[in-house]
Each structure stands twice: as structure tokens, then as C-alpha cells.
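# Fold and geometry: a report
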Amino acid sequence: MEGTAEMGSETLYEYEELCSRACVTPGAQISESLLRLRHSFGYDSGLRGNLQLLDDRTLIFIAGDLLVLLDISTREQRHLRSSGGGGIGAITVHLSRKYFAVAEKGNRPSITVYESPSLRRYRVLRDGTEKAYSSSVDFNKDGSLLASVGTAPDFMLTVWDWRQEQVTLRAKAISKEVFTVRFSPHNPERLTSSGFEHIMFWEMADTFTELKLQGRIGRFGATEPTDIEGFVELPDGTVVSGSSWGNLLLWEGSAIRMEISRKDGQSCHQGTVQPFALEDGHLMTCGSDGVIRVWDFDGIDIAIGGSKYELGPVKEMAVGQNVCLCSVVRSPQPDSTMWFAQDSRGAIWRVDLSFTNTSLDPERLFSFHAGAIQGLDVSETSHLMATTSPDCSVRVFDFLSSRELASIYFNQGGTVINWAPTSVDQSGGLLVTGFEDGVVRVLELYDPQKLDLDNPNPNRHKGGAELRLKQALKPHSGPVTAAAFKHDGVFLATGSLDAAVFFFSVGETYEPIGFVRVPGPVQALEWSPDPESEDKLLIMCKSGHVVEVQLVDLEAHFLADTFQLLRLPSRSFRFRSIKSQIKREEETARRQALKEAKENEVEDEEELPSIHIPDPPSPLCCGFYSQSDHFWLSMGGFDSGYLYHCKFSENQDQDPNQRQDEPFHFLPIHNADQDPILCATFSSDRQMLFCGMHSGAIRVYPLQPGDHGLASMQAHWTLSLHDNQHGHLHHVRRSYDDKFVLTAGNDGNIFSLSTVPPEEPQKGRLTATIPSPRVGLEGEKAAMDIEDPAANTIETEKQKKHEDQLNQDIRLRMETKRRAIAELRVKFEELLKQNEALPEHFRLTPSELQIDPCFSDQAEKLKVQKVMEVRKQMQWEQERCDVGLRKIQEYFRGTFGDRVVSVVAIHTNHKISTYCLSELAKAPTQPQRSHSGLHVDPTIAPPRKESRPQPEDVVSSTSEDEGMMLQLRAKKKENQQAERARKAGEKAEQARAAIEKRKKDWAQLYAEKPGDDCEDPKDVQAVQEAKENLGDLKLKSDKDFTVPKHLRMNAETMEARLRSLEEKIHQEQTRMNKRILALRDAKVCLVSQLLDQGEQLQKIQQGLAPHLHRPPPALPVMLPEETPEKKVQHSDDALERYRSLREQRAWTKGDLTMEEEEQITNREEEVLKDVELTLQDQQDSLLEQMESSICQFDAELQVLHLEKLELDCELKQAELRRLTVYQELLIHKEFKEREESLQEKLNQCNKEESFLKRRLEERNKDLELKQAEGARLQGKQKALLAAFQGLLGEDNEFEKFLTKVFEMKAEKVKKRKDTGDGERRNTREGGAGSAHSDEDYDSDLDEEGAAVDYKVCPPGCDPDLFQDTERLRQRRLQLEERLEKKEKDIKILERDENYLHTKENVMKTNLEAVEQDVDSTVREKQLKMNALDVVAPLRQQQIEFVADGPPPSDLAPALVLNREELRRLQERIERFEVEKNQQEVLLTQARKEHVKLFHDGKDKSAKIEELEKECNQLMMTKFGRLVDLEVLLTMKRSRTVEKLKQKKLLSEAEHLKNVHRWKCVSV
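Being a predicted model, the structure only gives us computed values, none of them experimental. Chains are numbered independently. Their residues run from 1 in the order of the written sequence. Reporting in this predicted model follows two pLDDT cut-offs: at least 70 for local features of residues, and 80 or more for side-chain atom pairs to be given and counted; totals over whole chains, interfaces and linings ignore these cut-offs and use all residues. Remark: hydrogens and water are excluded; side-chain values derive from all non-hydrogen atoms of the structure.

### Examining the overall build of the protein chain
The test is simple: Helix and strand labels come from DSSP, where a helix needs a run of H or I of at least four residues and a strand needs a run of E of at least two; each type is numbered from the N terminus. Only protein chains enter the accessibility calculation, which uses a 1.4 Å probe; a residue whose area is less than 20% of its type maximum is buried, one above 50% is exposed, and one in between is partly exposed. For this analysis, residues touch if any pair of their heavy atoms sits within 4.5 Å. Here, Shrake-Rupley sampling with a 1.4 Å probe gives the accessible areas, and only protein chains in the shown set may cover a residue.
When you go through the protein chain residue by residue, the secondary structure sums to 20 helices and 62 strands. A burial count over the protein chain gives 39% of its 1563 residues as buried. For the protein chain, the share of sequence-separated contacts (at least 6 apart) that also reach a separation of at least 24 residues comes to 58%. Here the protein chain displays about 93600 Å² of accessible surface, and carbon together with sulfur accounts for 51% of that area.

This is the structure:
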């Protein structure tokens, strides 16, 4: 905005010039004022911040594309239209109340600042965002700035100097929806914005270049991210914001300091909460629970510490029930306590927040629909309209007098409303309303003043109306979406999302006729306008299906069990997309036209657009009849932009879901590809079509009379009314006299428009006529309503009644059958008795009584089948019982491991028992630390070796030198001399390189030379290994004993050791338990075997005489302690015995006597003796086996008993060790926190040390590289000087002049921008290393006093020589500049290196301190562990005294040592003795080698001195003085010398010729 002239306070815009207007098709004969806005009945209560107070009596709020100014007292409205016609996003009022800003929507929307009370456009702010402004704009405290935020896609936050219409600051807010932006009331340079799961804190920061907006996103941290609707900034800079769960969040900086809730953990509000004001040290908040609470600011401000803080409200006020507050604004009156609140449930409240005894109760000033308007219809006899919405209300308005007449509320939201025609109700007071739960309610509207004219009710509002429920029906299971009365008022049809259309007969009560199923959710219903086919209903479904049903001969289709009408005549149509085909034909026609226009030109044609069929199909928006069999459809989605003329196909045999029907004609709709027609209605004479558009605009098409094909539907009139983003216009109705048009959209707004010109006076009454009540209404009882959303539908009730009737019939038939069977059973029993009374030879057998065996077989099969069915039915219950029993058994048996099982010997007193075991604790899942206690963090990375690219100077040096030499060589006239000079220069360069290499080798050699106190690395490594591996040989009880690092323990390792010890103990006990249980099982088998053998013995002894019976051994029995698990076991036999005992059944046995006596012969006696001997042998053998088995079992038990005793000793020792380990673990846990803290410090120090080493290595590499580059540049500088001297030669008369030219400085120009006028100034600065500046040279004088210009070659000087000098000067300046830069870099690197060295030393000191702390901690822990008493049971033979003498009486000072450890120490002493002798031999050899090397060094020094003397003599002989050989080797040949040598050779050749000639002449 630079360069924009300042706008004066008197500059204003004309309202008519900028406000949006109705759009008329160019050339159409349509008046721009065809429809005129008259009144707004709605309020977009869900829009954030949609309530502002312009003055003490005027409210302003957004209504679609309008701004409504509502007078509180008179309820009169004034309207302001937006500039672009795209809707309004946000409004705010200036603190002075003289201005208010309106932020709009649309393409490149603007912000308009209006002047109050004139309502003239004061300023227009443009180019602040791309599509729309969010729901918040704000003036700062002094009113000089305005902040705005855009929506997607840019989300641009802009700060305006609104008086000058200029952007002050701009920045992208965040890629999320922003709800609120607000200036700080305490800091003019701070803003705060909040929205979807974010809050941002902005500051106007004065940077080096300009003023900028810098934002910080709020960090929720451990708090769950939440939408922030509002916030308040406190005087100390902290911010209190709301949350979606009802608590307050206190922000400090950019993080949450604490979360504030009520006491006892209750949230500050139920649902969303937002702070809205800070008054007199108290914070005020409102919430979606309809409560306003006041909090003590001091209590919040002093809250410190913790993430939660509980605070009680000081005061609170419940505005009302079912109230959801979303914004609150204060009255502009000074010291006023009146506030106005926006209720998102469709109301505006006035509340008194003085909180005194005289405070006024909250007052609801205005009530509106909340949410989208789902239904709208008008009366055919009066200027009345009825509406319904999801807020569960039905309202009736008088749009002639612009007031609400009546309202009624239900439990569910309304979805459709239809005003009954006069053919149904002559008074015009009957309405049918559909709801979300599928209920259809019939309502009566009447004037209550006419109920009793003799005794009028003075409390009733004069001119009001009342709505009364007449009947409630539930035909549908889903929301009702359409309702339509037949023109003659005989039938009512209702449609729903449950894909059903229900028909009712209309009368005093509405009786259901039946319903039909359709292929998709019902969108609209329309009865045929053809008088000859009045019984046809057109059903339009959202899925694109259209069905026509004809109601003929309904009685023939009635069924007893259902209301469904299955055989009604119907026709189906399923829309198939033709839009892509239309586009293809249009493109073909366009190309054909181009071809005809360009006959001779041939161009490559692109491929035609492909045919596209959308999947899923496009939704059907609306439709209507054109003729008897033809209808128009408006489609959404891909197929929008056209009206399609359709008809039913002749072939109706195909499945409706499989049909593919195409329209036979279409009509393009201008500018409607993304803006389909959602509803359409005709005027009474069908000469005007009113269309509701998806963008919220109303469009009017004038039509010709009788134009059913809509051929004249070309020109149109369009006016934007509702919000273009969510204000889709689904309802457009015209009044019965065509003087008014009513619209209702999804933005909750309802508008009335008038077709009467404003200058035409209104005729007739100024209020609509309210229907009179019908006769007898006052005495009727209220109709029964359906309040339960889950109530049965009419169809369900009928099916239920039919099912109940069928069940009743079945029960009656079954009773009749049962009585007949009972009579037959009585007769059969009498026959059986008669049969029993007959003689036996006359009786009928059971098989003879069975007339047909098939009956018994069938009965048996039926019984088996029923048993299987019962088992199948009881399978789940059986499985449940089994699982329950299994769980109980597992629960009681789960502790079986804790029970002790004892095994008792049979003939001895030995007894062995299992160990009582418990489950081991599970090992922790967290990663264990190293067993070495404090350790170095393995995540510390070693120093990285980075490959560095070679500097540009090194890479390009050779090419630059070669380029310079080529330039010099190309311009030399004397090629041979230049070639020799070049070769000499190369040799000098090679010599210089060799010298440099030799110096580096010597430097490296001297660097590798060890110092006097240097130690051999191998020795150092060996000592280190010995320290690490040999260990500290001091006793652990010594105070200075240090535990080696690899032997250090911590709490984790001790826990692992304790766990390992417990596992070993548990394993041994488990192993022994298994052996004991195996022995117990063997005893069980032995007892069973002995019982069997006892039975065999009894059988054998039955054959022997009593005196031959041998007593059997006592048979063992299993004691309860041996089988404790049997306490929870059961068997079928046990259960059967238990049942038998309960029933007390006694069983008797009879004795049989034998009186016959047999004669025994002698032969038989012998046989009996043999049998007797055999039986005695069997008896003896069986008794021996029993005795042997018992003795063997006792022996095994005794052996196992001894093993268990040994194991008990070992386990006792293990328990003692476990106790010691546990005590050590407690000590380790005591030091755990300190060790972890030291471990963290140690890891941090190691990390920093590693980082510093890596940094030092990098700096050293960089420094070496820079120093090498500097040395190379210095060498080039010397070589350049030598080349210049060689170029001058000897005795050059221009040597002084050329030297000054060679040494001239560079001219540097600095450019800077002047902040005042923007001019540039040039400054000259001298280069480094020069003795004079250009100004000095320019002012030099020659010997005669004349000025000398060093930029011009003087007369007599060789121009080539002057140019070469200039080139060498440029090269010198480049080298000096590069060298200066390298020196600066070297200084910086040296400074960094020194800093890093200092920091490294500090870090080493810290590391040593931490290591000392670690060692002291380890020693302290070791001392505590040494104080523990350890039990070590020893035998007498284990004690051995190393020292001579008798054993002491007290063994307390004795050292307990393992023999192997003692043997190892003794072997180590022997090894140390051998190693000592070897080291003495090596020391003697090293001393001899040292003496020899010392003498050799003296000899070498003497030889070097002799060679230096010889070299000096040779230099004196050749040069006459001592010279520097390095300089001599690097010198290049002079061109003058070469010329003189050439001249000398020519002169010598000439002289030789002359001498030869003279000799010839003399001869």
C-alpha cells in the first residue's frame, strides 16, 4: 500500500454502488426489483459470534447474505446486503459504537466498515483472503487496527489499518479452522487466535527489516487437544481458555500451566466452556449447559504448582433449561450489568449479571428455529406459513404482519410439513407434519379468541393463535421426508427414508389404507395434475428412481396380515446419466463449426470427451409433472446443470433396480454445473417458475402460458439470499395470491419477499386471517401422542395383532385336540381293565393290542428327534455349566501346589512330605541394565570421520597458474626467451615443492620423536590390562578397596541373581515333589494291587479249611493327607450313592438253604486233598508277593527320605544365601536413586566429551586445511614477486614506476541504501597489506612537479611490459584478498579451537568429579555390604591354617578363602618372580643400547658441522657471500639477463668472425 494517498474521515462510499443486487439475464425484459425482501423470520444461531450490540436498543446478526439490524423494543428490522453476494462470515462493533465491520464470503471477499447510525459504507478492505473470512474479526483497544482471519485454503491472518484501507501485517495463521481472533486488551502488540484443536499467540515483532507477525502454537503437552471456542487474556499476560470437556485451561507462554476445575473433580461447565469477560477482578464464563459462572481472578492468578487446580465459582446463574450459550455481549450503557446472550438452540437472551437481590430474571427476547429448516408450507386461504426443524418445534407465522403466531414442541425433530388444502379443511387450519422417528401428526391451527366469545380469556394474547394435536400416527420406521394431499382431499400420501410410501384416507380421523415399497429413499411426492388420472402418484427417490403408482380398486389389494399393497399398478423409471454424452455432442458441434469456418486449414483434433457414468449415481434433487406421462427431473452431483425431461418406458417387465432409462430431452440451466436446482414451484397461473438453488439463491424464470415443455425457460432473475456455503435452499413457496414468496434454507433463515412494488399501497387487512376453531373443539379431550421413538409402526402393530390372532386360534385347536385325546385315553384304559379281567387264554397280548407298529416307531423317532433338539438347545447351557465347573475346580485346585502331600510307609514309621511351593514372581519386562553397575551409555556415538571436499583454491590453483602463464606466453614476442623463463619458473616451483615436502617430513619426524618422559605404548597397554584384569588385591573390608568396574553390581543385577537363586531352589523342590508324587502314585497302585490280591486270597481261603488259613498282612489304606486333591473330586458313583442315601432305599437279600446231602466217596477225598495242597501253595505264594511288594515300597520310601534330608540341608544353605542376597539387594536399592543420578551425569559427561572431541577433530582438520591453503598462497605470492622481478630485469629505467604500479591497492566500492531518499553512496576502502592508496598514487608528482598517472603507460616504456605488470598486479591483489580471507578463517578456527579446549578441560574436570563420586558411592555401598553378617557353615576338615603355630582360640579375624583362590595367588607370586627377573635382563640390555645410541649421535653431530663448513666455503668460492639455498633454488631467470646473454653471444660470434677475417687478411 506504499504510495497510497491518505483517506480523509469524510471519504464515504455509496451503499447502492457496492451492495449486491439481483442478477438478470442480459437482454431479458425482467425488472430488477421483481422480488423485494420484506422480512427475515430466522436466525443462524449455530454461527459463532452471530450477535452484536450496536447500541442500547439495536441488535445486529447475520442472516445468510444479509445483515439484520433488529430493534429490541419495536422488533422492526433493517437489512444490509453484502457486497459480493456470497454471504457474510463475521461481524464486530467498534468500541466507540460509531462503526461496525462486516466480513464477507465469496471469491476475494472484502470487509466493509459501516458508519453508525447513518449505515453508510465508511471503508472497504480488499484482498484479505481468497474464499471467506472466518467467524471472528476484532478491533484493537484504541480502535485503530482491525484483525481478520480467512478460511481455507489460505487461513490468512491480517491486521488492517482500516481507516486507510491498508494491510499493516499479514501472516498465515494455521492450516486449521480458526474460531476466534482477538487483540490483547493489555498489550497493543499482542493477538491471540484459537480454533480447531489449537490456540496461537501472536506478537507484532519489530525485526531488523520490518514489522512482522510472529506466532507461537500452544502446546497441549499431556492434556488432550481440544477445540477452543473462546479465551480471555489476564493482565499478567496469561490466557484462560475453555475446552470441550468443560474445564478451564490456563496458558502461560505457549504451554498449559494448569487445568482448572471445580472442587471434587467436577468440571467448570457441562460440555463446552468459554470465558467471555474479566470484570472487577472476576472471570466470567458461559457454557453449553446454559449456566453463567463467575470465578475469583485472584484465586486463579496465584495458583501455582501442579497440573490440576480446583476452584469454586463465586456466583452463578442458570439462564434456562435446554439452553446452550455460545456468545455473550455487554450492553454499551455505562456501568450497565445487562448482557445479551446467543443461544445456539434458537434464542436471544437478556441477562442481568449484577448478582444482587434486585437482579432481573433472565429474559428470552427472541425465539427462532435452531438448525436447518426441514419443512415449509403456506396456507391456501390466508397469509400464513408453517415451518418445522430438528429443534422439535412447529411454528406458524403471519408473513403479512411479520410475526410469529403459534408454536408447539414435540420429542423428535420435524422433517416435513404440509398444509391441508381447502378440499380437506374449508377453514384452512389443518397441517400434517412428519418427524424423525417416522411419526405423522395432524395439527389444528385456530384462533383461541373465538372459542368462547361470551367469556373471553383476558390472559390470551390478542391476535395470537394456537396449535393443537388432533391425531398421531406412525406409518414409517425412518424419518418422514415427503407428504402430499390428493387434489380432491380424499387421500394423503407420506414418504420416508425407509423406502416406503403410505396412503391414508382423509376424514375426521386419518385411517391407514396401505403402503408400497419403492427402490430407494423417498425424496418427493406429487399427485398427477391431469383430471383424468387423478389417482396417480409420482414418487421420486433420492437414488434416481421414479415410480408412478395408480390407486385403483384398493379393496382388492387388502390383505389380512399386512398393510402392504403388492399388486397396485405402477410404472418405474431409473435415471441414467447423459451429461457426458451432451458434453460430447456439444464439443462435436463446436469442432464442426470451426471446420466450416476454416475450410482450408487442417489441424490435429484432440480426442472427444469420454462417456462417463457416475458411480454411485447422482442424487435426485426434485421433480414435477409436465404432462400426464412426462415429468422433469433435477439431478445433483455430476449430472447437475440441466433439467431432464423424462417419460416412462413401455416395457415395464424389468426389475426397477436393473433399469437404465435415459431422458428424451434436456434443458441446460445457466451457471448451474455446481449449483443444482433443489426445489421448484410454479405461480398460480404457471407463468413463473421459482427455483431454490444449492448456493442459497432464489432464481425466477418467466414462462409462456401453456408451456409445459419449458421451451420459454431462458431468461432468469437471481438473487442471493441464504448462506452460499451451508444455506442450501430446499423450500420455496408462494402465497395463495402470488403477492409473496417464502424461502427457507439449511442455514436456519426464513425470508419473505414481496412481488408488490414498494410504491403500491397495501390493500385489505394488515394481518392474516387466523382460522376459526371447529365446532365442539373446546370440549374434546387432547389426542393421544406417540412419545416413544421406539414405538411400533402401523404395519408392525397389524402384523403383531395378526400373529396374536393366529396364536389364539392355534391354542384353541390344541385344546380341542387335547380334550379328544384325553377322552380316547380314558376309553383305552377301560378296555385294558376289561382285558385283564378276562381269562388268560382270552386275553390280548400287548403286541395284539398294538394295531399299527408304525405309530410306535414314529413316536420313538419323534422322541429321539425331540431329545436331540433339547440337547441342541441345552448345548450352550451345558457348555456354560461345564466351563463354570472347570473354573471352580481350577480355582480350588489352583492352590494344590501350596498343599503338602505326605507319603507314609506301610510297615515302618517313616514318612516323607512334599515341599509347599508358591508361584514364582514374574520377571520384570523392562530392559535390564548392565551387571557392571554404573556404566557408559552405549548410545554415545564414536567420533565421526567426515570426508571434506577440497577447497576451491586447491582445485583451481593449477589451472589459474597455467592460465596466467599462457596469457604471458601468448603475448611475448621473443618466444625462446619466454620459454626458457617458463622452464626456469617451473624448476623453481618444483624446487620449492621439494623443500616444502622435506620440511613437512622433518616436522612429522620431529613430531613422532618421543619425549624424555614418554613411555612405550605397549607398556602402557600392558599396565592398563593388568589393572583391569588382575584386580584390587586389597581385602573388601579395607576402606580404600575399590570394586573393579566389571564386578560392580546394581539393584537390577542383584534382583536377577536373587531370582536365579529362587528359581534354582524352586526347581530342586519341584524335582523332589515330583519324585514324592511318583512314589505316592506307586503306593496308590500298590494299594489297588494289594486289594486285588486280598480278594484272590479270600477266594483261595474259601476252598481251605479254617485251620489252614494264614493271616494276611494288614492291607494299607490311603490316608487323606496322601491324596488331598480328592477333596474336590467327584464321580458318578459317588453322586449316585449320595442320591441313594437321600432316598433311604433299603435293599434286602434272601438266603437259599440246601437240605440235600451227598455221599462223598474215597476218590473224591483224594481229589479234595490235592486241591487243598494247591490252594495252600497259591496262598503262600500270594502272601509272599504281598510282603515283598510292601517291603520294596518301604525301602524306596526310606531311600527317598534320606535324599530329602540331604536336600533339606542344601536348601537351608541356599536360604541363608538367599537371605544374604536379599540384604544386599536392599542396600543396592538404597543406593539406586543416587547411582541412577550419577549414571545420568556420567552418560551426559561422556556424551559431551565425545561431542567435544568430534568437534575438536573437525576444527583441527579445518585448521590444517586452512593453514595448508595459506602456506600455498604465500608460496604463490613469493613466486609472483619473483616473476615480477624477473620480468623487470636489471637496470630497468622504469623499475620504480612499474613497482608502484605492481604495488597499487584495489579500489573497493561499497553500496548502501539511504533510508531517507534511497540514494546510493560509494566509498573507497584500501586493501590489506598495501603501503599506499589510489588517492596517494593519483596525487604523486614527478621530478618536475607534474602529476603522474599510474594507470597509463609512460612514454618509452614497453607497452607489453606495462600490461604484464598490470596482470601481475591483478593476480597479486587476488592472492592478497584470498590470503586475508584465509587468515580470518584461521583466526576464527583457532578461537573456536581454544574455546573447545577450554570446554574440554572443564568437561574432563567434571567427568573426574563424577567418577570420584561414583567411586565414593561404590565404596560406601561396599562398606555397608561388608557390615552384613554372612553365615558360612564349615566342617572341621575344611579349616586349614596357613600361618605356623597353634590355631587361635578366636576365629573372628580369620580370612575365609577358597583353596583354589589360595593356590592361584601362590602361582601368581611365582609368575611375578620370573617376570621380575626377565625385566631386569631387559633393563640391562636397554641401558647398553642407550649408551651406544648416545655415542652415535655425537658422531653424527660432528659430521654435520664438517659438512656445513665445507658448504660455506663452496658458497664463498662461487658467490662471494653466504646465500640462502632455498631462495636460490626458487629464483626464476630474468628476461633482461637473458637478453644480455643473447647479446653477449651475438657479440662474441661477431668478434670471432672479425678475428677470423683479420687473420685471413694478415695472411
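### Considerations on the packing of aromatic side chains
In plain terms, the rule: Ring geometry is summarised as follows: Phe, Tyr and Trp rings, the Trp one being its six-membered ring, pair when their centres sit within 6.5 Å, and such pairs are stacked at plane angles under 30 degrees, edge-to-face over 60 and tilted between the two.
Inspection of every chain in the model, using the stated rule, returns 27 aromatic pairs. For the pair Phe-399 and Phe-740, a centre-to-centre distance of 5.4 Å together with 65° between the ring planes defines the contact as edge-to-face. Of this pair, Phe-399 sits in the loop between strand E34 (393-398) and strand E35 (403-409) while Phe-740 sits in strand E57 (residues 740-745), and the two are 341 residues apart along the sequence. Among the residues examined, Phe-399 registers a relative accessible area of 0% and is labelled buried. Seen in terms of ring centroids, Phe-485 and Tyr-510 are 6.5 Å apart; in terms of plane orientation they differ by 65°. Their pairing is edge-to-face. Taken together, the residues span a long stretch of sequence, with Phe-485 in strand E40 (residues 480-485) and Tyr-510 in the loop between strand E42 (500-505) and strand E43 (511-517) at a distance of 25 residues. For Phe-485, a relative accessible area of 8% corresponds to the buried category. When its relative accessible area of 1% is taken as the criterion, Tyr-510 is described as buried.

### Some words on the sheet that holds strand E32 (residues 375-378)
Rules: By definition, two strands form a pair when at least two bridges between them are found by DSSP. To get an axis, fit a line to the C-alpha atoms, keeping to the stretch in contact for a helix; angles then go from 0 to 180 degrees between the N-to-C directions.
With antiparallel pairing, four strands are arranged side by side in an open sheet as E32-E33-E34-E35. The open sheet has two edge strands, E32 and E35, and neither has a second partner. Across this sheet, the average inter-strand angle for adjacent strands is 15°, counted without regard to direction.

### Quick word on the environment of Ser-193
How we decide: Between N or O atoms, a polar contact is any pair within 3.5 Å; within protein, one atom must be a potential hydrogen donor and the other a potential acceptor, and residues adjacent in sequence are included only when both atoms are from side chains.
Following the sequence through the fold, Ser-193 ends up in strand E16 (residues 190-195). Ignoring anything within four residues of it in the chain, the contact list for Ser-193 reads Val-178, Thr-180, Val-181, Ile-199, Met-200, Trp-202 and Phe-231. One polar contact links Ser-193 to Trp-202, side chain to side chain, over a distance of 3.0 Å.

### Quick word on the pattern of salt bridges
Side-chain pairs of opposite charge can arise whenever the charged atoms involved come near each other. Rules: What makes a salt bridge here is a side-chain nitrogen of Lys or Arg within 4 Å of a carboxyl oxygen of Asp or Glu, nothing more.
All told, the structure shown has 61 salt bridges when counted by the stated rule. One salt bridge connects Glu-1249 with Lys-1253, and the closest N-O pair in it is separated by 3.8 Å. Of this pair, Glu-1249 and Lys-1253 both sit in helix H14 (residues 1232-1288), four residues apart, which is roughly one turn of the helix. According to the relative accessible area criterion, Glu-1249 is buried, its value standing at 14%. Of the residues examined, Lys-1253 reaches a relative accessible area of 37% and is grouped as partly exposed. For Glu-1269, the salt bridge goes to Lys-1382, with nearest N and O atoms at 2.8 Å. One end of the pair, Glu-1269, is in helix H14; the other, Lys-1382, is in helix H17 (residues 1359-1426), with 113 residues separating them in the sequence. Of the two residues, Glu-1269 and Lys-1382, both sit in the buried class. Through salt bridges with shared partners, a single ionic network connects Glu-444, Arg-468, Arg-774 and Glu-780.

### Some points on the sheet that holds E43
An order of E40-E41-E42-E43 is seen for the four strands of this open sheet, with the pairing classed as antiparallel. Each end of this open sheet is capped by a strand with a single partner; those strands are E40 and E43. Taken pair by pair, the neighbouring strands of this sheet meet at an average axis angle of 20°, ignoring direction. In the sheet, E40 pairs with strand E41 (residues 491-496) via five bridges, with the strands oriented antiparallel. The partner of Val-480 across the bridge, within E41, is Ser-496.

### Section: helix H18 (residues 1459-1518)
Put simply, the rule is: Expected span of a helix: the number of residues minus one, times 1.5 Å.
The end-to-end C-alpha distance of H18 is 86 Å, a good match for the 88 Å that 60 residues give at a rise of 1.5 Å each. Positive phi appears at Gly-1520, one or two residues downstream of H18, with a value of about 85°.

### Things to note about the nonpolar core
Going by this rule: The set of buried Ala, Val, Leu, Ile, Met, Phe, Trp, Tyr and Cys residues whose side-chain atoms join them within 4.5 Å is what this entry labels a nonpolar core.
If you look at the biggest cluster of nonpolar residues, it comprises 33 residues, and the most contacted ones within it are Leu-35, Leu-59, Phe-340, Ile-698 and Trp-717. Sorting the residues of this core by element identifies strand E4 (58-63), strand E5 (66-71), strand E31 (363-367), strand E54 (697-702), strand E55 (717-720), strand E56 (729-734) and strand E58 (750-754) as the ones contributing at least two each. Each residue touching Leu-35, except ones within four places of it in the same chain, is listed here: Phe-690, Ile-698, Val-700, Trp-717, Val-741, Leu-753, Ser-754 and Thr-755. One finds Ile-513, Leu-525, Cys-541 and Val-549 within the second-largest nonpolar core, a separate group that totals 22 residues.

### Overview of the packing of H14 against helix H15 (residues 1295-1302)
Relative orientation and spacing of two packed helices are given, respectively, by the angle between their axes and the distance between those axes. Rules: Oblique is the label for every angle not falling under 35 degrees (roughly parallel), over 145 degrees (roughly antiparallel), or within 65 to 115 degrees (roughly perpendicular). Crossing handedness is read from the near helix: turned anticlockwise from the far helix by less than a right angle, it gives a left-handed crossing, and turned clockwise, a right-handed one. Throughout, the ten residues Ala, Val, Leu, Ile, Met, Phe, Trp, Tyr, Cys and Pro are labelled nonpolar, Asp, Glu, Lys and Arg are labelled charged, and all others, Gly among them, are labelled polar.
It is the contact of H14 with H15, at a shortest axis distance of 11 Å, that shows an interaxial angle of 155°. Relative to H15, the element H14 is oriented roughly antiparallel. As for the relative orientation of H14 and H15, their crossing is right-handed in sense. Between H14 and H15, the contacting residues are Leu-1280, Leu-1281, Phe-1284 and Leu-1288 on the first element and Glu-1295, Leu-1298, Thr-1299 and Phe-1302 on the second. Grouping the amino acids of the contact of H14 with H15 by side-chain chemistry returns six nonpolar, one polar and one charged.

### A short note on the pairing of E32
Neither face of E32 is left uncovered, since the one carrying Gly-375 and Asp-377 and the one carrying Leu-376 and Val-378 both have all their residues buried. Linking E32 back to strand E33 (residues 384-388) in an antiparallel pair, the connection comprises five residues.

### Looking at the packing of H14 against H17
The N-to-C vectors of H14 and H17 enclose an angle of 160°; their axes lie 6 Å apart at closest approach. By the angle between their axes, H14 is roughly antiparallel relative to H17. Crossing angle aside, the handedness with which H14 passes H17 is left-handed. Grouping the amino acids of the contact of H14 with H17 by side-chain chemistry returns 21 nonpolar, 10 polar and 30 charged.

### Considering the pairing of strand E6 (residues 77-81)
Looking at chain direction, E5 and E6 are connected through five bridges and run antiparallel. Along E6, the bridge assignment pairs Val-68 with His-79.

### Considerations on unusual backbone geometry
That bond from Ser-116 to Pro-117 is cis: its omega, 10°, falls within 30 degrees of zero. For Pro-117, the location among the structural elements is in the loop between strand E9 (111-115) and strand E10 (120-125). Here Arg-108, not a glycine, exhibits a phi torsion of approximately 50°, which is positive. Of note, the phi angle at Asp-264 is positive, near 65°, even though the residue is not glycine. One can find Asp-264 in the loop between strand E22 (255-261) and strand E23 (273-279). Its relative accessible area of 74% is what places Asp-264 among the exposed residues.

### Side note on the side chain of His-728
Along the chain, His-728 falls in the loop between E55 and E56. Other than its neighbours up to four places away in sequence, His-728 contacts Leu-678, Met-693, His-694, Asp-723, Gly-745 and Asn-746.

### Some thoughts on the confidence of the model for the protein chain
Defined as follows: By definition, pLDDT measures how confident the predictor is in each residue, and it falls between 0 and 100.
Mean pLDDT for the protein chain: 82, with 84% of residues reaching 70 or above. Across residues 458-462, confidence stays below pLDDT 50; counting only partners more than four residues off in sequence or on other chains, it has seven contacts. Counted against residues more than four places away or in other chains, residues 1308-1339, with its pLDDT under 50, gives 44 contacts.

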